[in-house]
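Fold and contact review
Here are the chains, one letter per residue:
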Amino acid sequence: MNVEKTAVSADDMALINKFSRAELSESDVYSFKMVCCDTNIDRDGEAFTKNALQKLAELFIGKTVITNHIPKAENQIARIYKTLVEDNSGVSRLIAWAYIPKNSGNDDFIKLIDTGIVKEVSVGCSVRKCTCSVCGKELNYCQHKKFKDYDGIICHGILDEVTDAYEVSFVAVPAQKGAGVTKCAMYNEQCAMDKAVETRLKMAENFLFCINNFYEKGDF
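So, a few notes on the structure that sits alongside this text. What you are looking at is a predicted structure, and each value in this text was computed from that prediction instead of being measured. (Residues numbered from 1 in each chain as written. Predicted model: local features only at pLDDT ≥ 70, side-chain atom pairs only at ≥ 80, totals over all residues. Heavy atoms only, no water.)

Bringing the overall build of the chain into the picture now. Counting its regular elements, the chain contains 4 helices and 11 strands. Considering the chain as a whole, with its 220 residues, one finds that 40% of them fall into the buried category. Here the analysis covers contacts within the chain between residues at least 6 apart in sequence; of these, 70% occur between residues at least 24 apart. When the accessible surface of the chain is split by element, carbon and sulfur atoms take 53% of a total near 12600 Å². (Helix = DSSP H or I, 4+ residues; strand = E, 2+ residues; numbered from the N terminus. Buried < 20%, exposed > 50% of the residue type's maximum accessible area, 1.4 Å probe, protein only. Contact = heavy atoms within 4.5 Å. Areas by Shrake-Rupley, 256 points an atom, 1.4 Å probe, with all protein chains shown as cover.)

Turning our eyes to something else, we now look at unusual backbone geometry. The phi dihedral of His-69 falls on the positive side, at around 55°, and the residue is not glycine. By relative accessible area, which is 25% here, His-69 ends up partly exposed. Although it is not a glycine, Asp-151 adopts a positive phi angle of roughly 50°. Structurally, Asp-151 is set in the loop between strand E8 (149-150) and strand E9 (153-154).

Take the packing of aromatic side chains next. If you walk through the whole model with that rule in mind, you get 4 aromatic pairs. Relative to Phe-32, the ring of Tyr-30 has its centre 6.3 Å away and its plane inclined at 35°; by these criteria the two rings are tilted. As far as burial versus exposure is concerned, Tyr-30 and Phe-32 are alike and both buried. Chaining the aromatic ring pairs together yields one cluster made of Tyr-30, Phe-32, Phe-109 and Phe-170. When the ring centre of Trp-97 is taken as reference, the NZ or CZ atom of Lys-82 above it lies at 4.5 Å. (Phe/Tyr/Trp six-rings, centres within 6.5 Å; stacked < 30°, edge-to-face > 60°. Lys NZ or Arg CZ within 6 Å of the ring centre and 35° of its normal.)

What follows deals with the pattern of salt bridges. Close approach of charged atoms allows side chains with opposite charge to pair. In total, this model carries 7 salt bridges according to the counting rule given. Between Asp-87 and Lys-50 there is a salt bridge whose closest N-O contact spans 2.7 Å. Pair noted here: Asp-87 is in strand E5 (residues 78-88) and Lys-50 is in helix H2 (residues 50-59), with a separation of 37 residues, a long-range link. Among the salt bridges present, the one from Glu-86 reaches Arg-93, with a minimum N-O distance of 2.4 Å. With relative accessibility at 25%, the residue Arg-93 sits in the partly exposed group. Salt bridges sharing partners connect three or more residues here, namely Arg-128, Lys-129 and Glu-161. (Salt bridge = Lys/Arg side-chain N within 4 Å of Asp/Glu carboxyl O.)

Once that is clear, we can look at helix H3 (residues 107-114). Residues of H3 that are buried include every one of Phe-109, Ile-110 and Ile-113, and no others. Down the axis of H3, the sector holding all buried residues measures 100°, keeping them to one side. Counted as exposed and oriented over 90 degrees from the buried face of H3: Asp-108 and Lys-111. In the core, the buried residues of H3 are packed alongside strand E1 (3-6), strand E2 (29-38), strand E4 (64-67), strand E6 (91-101) and strand E10 (157-170). Just past H3, the residue Gly-116 takes up positive phi, approximately 80°. (Arc of directions from axis to C-beta.)

Put into structure tokens, the structure is as follows:
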């Protein structure tokens with residue numbers, strides 16, 4: 001189970017009240033714990049390092065919990081107030097605790113959590129490195145293919161050097177089994193630059209194609 005209700009201690013309330021303008025009490029909030037992501041290979045063929053999880057644990061303190069990775073104010077449902085990286089059977093997991101204000105507007109969503117209907121979660125973040133598990137090079141620039149077996153090594157991207165943590169979302173189908181994770185489309189600035197250059201080249205090719213057609217048809 002990815003999300004479960006937790007008791008709210010005095011220590012928890014002290015952490016929660018760091019993010020609230022009003023002084024809240026235990027009766028004012030609903031607290032829940034999430035397994036956000038881990039070091040297993042996900043459905044996208046990528047996996048975080050433990051160092052990456054530890055950095056995410058730092059960055060996710062105070063971040064919002066939304067629905068479906070849609071960054072709109074009306075999709076905010078909770079806020080993270082505590083995190084932990086734990087090891088279990090050789091797998092490291094990022095655990096986060098979040099709170100929801102108890103009010104009539106949130107009652108239905110709290111009930112969905114309690115009944116297990118809403119439980120899958122996914123993190124939104126960005127990383128600087130995504131290296132190949134086989135050769136250690138940037139995955140986008142080597143010849144190895146995700147999920148293919150190379151002499152007993154399953155090729156996947158190793159995600160490290162986290163640069164930012166955006167949000168945790170409730171989703172229907174997460175990328176990571178047992179938790180869920182979504183990554184920034186650009187792993188680093190160089191990748192972003194390459195994409196921009198590729199876009200400009202395609203625009204130039206389309207422009208030249210139109211010019212050639214123009215002269216071939218004699219439309220001048």
